[in-house]
Amino acid sequence: MNSKTNCPCGNEKPFSACCAPILEGHSKATTAEQLMRSRYSAYTIGKNEYLTKSWAPETRPENLDIDDDTIQWLGLTIEECEQGRTEDEKGTVTFTARFLSSGHLCQLHEKSRFVQRDGLWYYLDGETQSTTAKVGRNAPCPCGSEKKYKKCCFARLKD
């Protein structure tokens, strides 16, 4: 990802000025929402180590392997944040993440819980719902490119 590319988390900022400094350890997430956005970006670029480190130890899975070439992340929408500010000890972030997986448009809707300890935010757990719909080859591509699915993301999945 180059320094001028918009951040995958959906902010209007370039990746280099948004989530990259957090993912590279140059700065820390100061709110639960900022941690949520950085974790989404980490999923999109395969930063397993960051995802593990930002997950609360008491709920963290032993092994976290997100290297799945069949998933193409399409976008993140933050719907609601409760608490989770710099001065809070806990917070929740409700979001929807959209992605393509094996020709299916999937949406993950989650209300995530976060905790702050010693000045660092951690993902604790979340209540999730997911939906899946088959994308027709001649349908508009769900990535928003305005191309047909078969000429856009479907073609990239076949490569």
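Keep in mind the model is a prediction, meaning the values are calculated, not measured.

Looking only at helices and strands, the protein chain features 4 helices and 4 strands. Its helices and strands in sequence order give the protein chain the pattern α-α-α-β-β-β-β-α, from N to C terminus. Radius of gyration (C-alpha) of the protein chain: 16 Å, near the 15 Å computed for a compact globule of 159 residues. By its C-alpha atoms, the protein chain is 50 × 35 × 30 Å across when sized along the principal axes.

What follows concerns the side chain of Thr 94. Structurally, Thr 94 is set in strand β2 (residues 90-101). If sequence neighbours within four positions are ignored, Thr 94 has contacts with Thr 77, Ile 78, Glu 79, Glu 80, His 109, Glu 110 and Lys 111.

A few words now on the confidence of the model for the protein chain. A residue-level look at the protein chain finds 91% of positions with pLDDT of 70 or above and a mean pLDDT of 88. No element of the protein chain has a lower mean pLDDT than helix α4 (residues 153-158), which averages 62, and none a higher one than helix α1 (residues 20-23), which averages 97.

Membership of the largest hydrophobic core comes to 25 residues, with the highest contact counts inside it found for Cys 19, Met 36, Leu 76 and Phe 114. Broken down by secondary-structure element, the contributors of at least two residues to this core are α1, α2 (32-45), α3 (48-53), β2 and β4 (120-134). If near-sequence neighbours (up to four positions away) are discounted, Met 36 is found in contact with Leu 76, Ile 78, Val 93, Phe 95, Ser 112 and Phe 114. Core analysis: the second largest hydrophobic core is formed by 7 residues, Leu 74, Cys 141, Tyr 149 and Cys 153 among them.

For α2, which comprises 14 residues, the first-to-last C-alpha distance of 20 Å matches the rise-based estimate of 20 Å (1.5 Å per residue) to within 8%. Burial in α2 covers these residues: Ala 32, Leu 35, Met 36, Arg 37, Ser 38, Arg 39, Tyr 40, Ser 41 and Ala 42. Note on α2: the residue one or two positions beyond its end, Gly 46, has a positive phi of about 75°.

What counts as what
- Residues numbered from 1 in each chain as written.
- Predicted model: local features only at pLDDT ≥ 70, side-chain atom pairs only at ≥ 80, totals over all residues.
- Heavy atoms only, no water.
- Helix = DSSP H or I, 4+ residues; strand = E, 2+ residues; numbered from the N terminus.
- Rg over C-alpha atoms; globule rule 2.2 N^0.38 Å.
- Contact = heavy atoms within 4.5 Å.
- pLDDT = per-residue confidence, 0-100.
- Core = buried A, V, L, I, M, F, W, Y, C linked by side-chain atoms within 4.5 Å.
- Buried < 20%, exposed > 50% of the residue type's maximum accessible area, 1.4 Å probe, protein only.
- Expected span 1.5 Å × (residues − 1).

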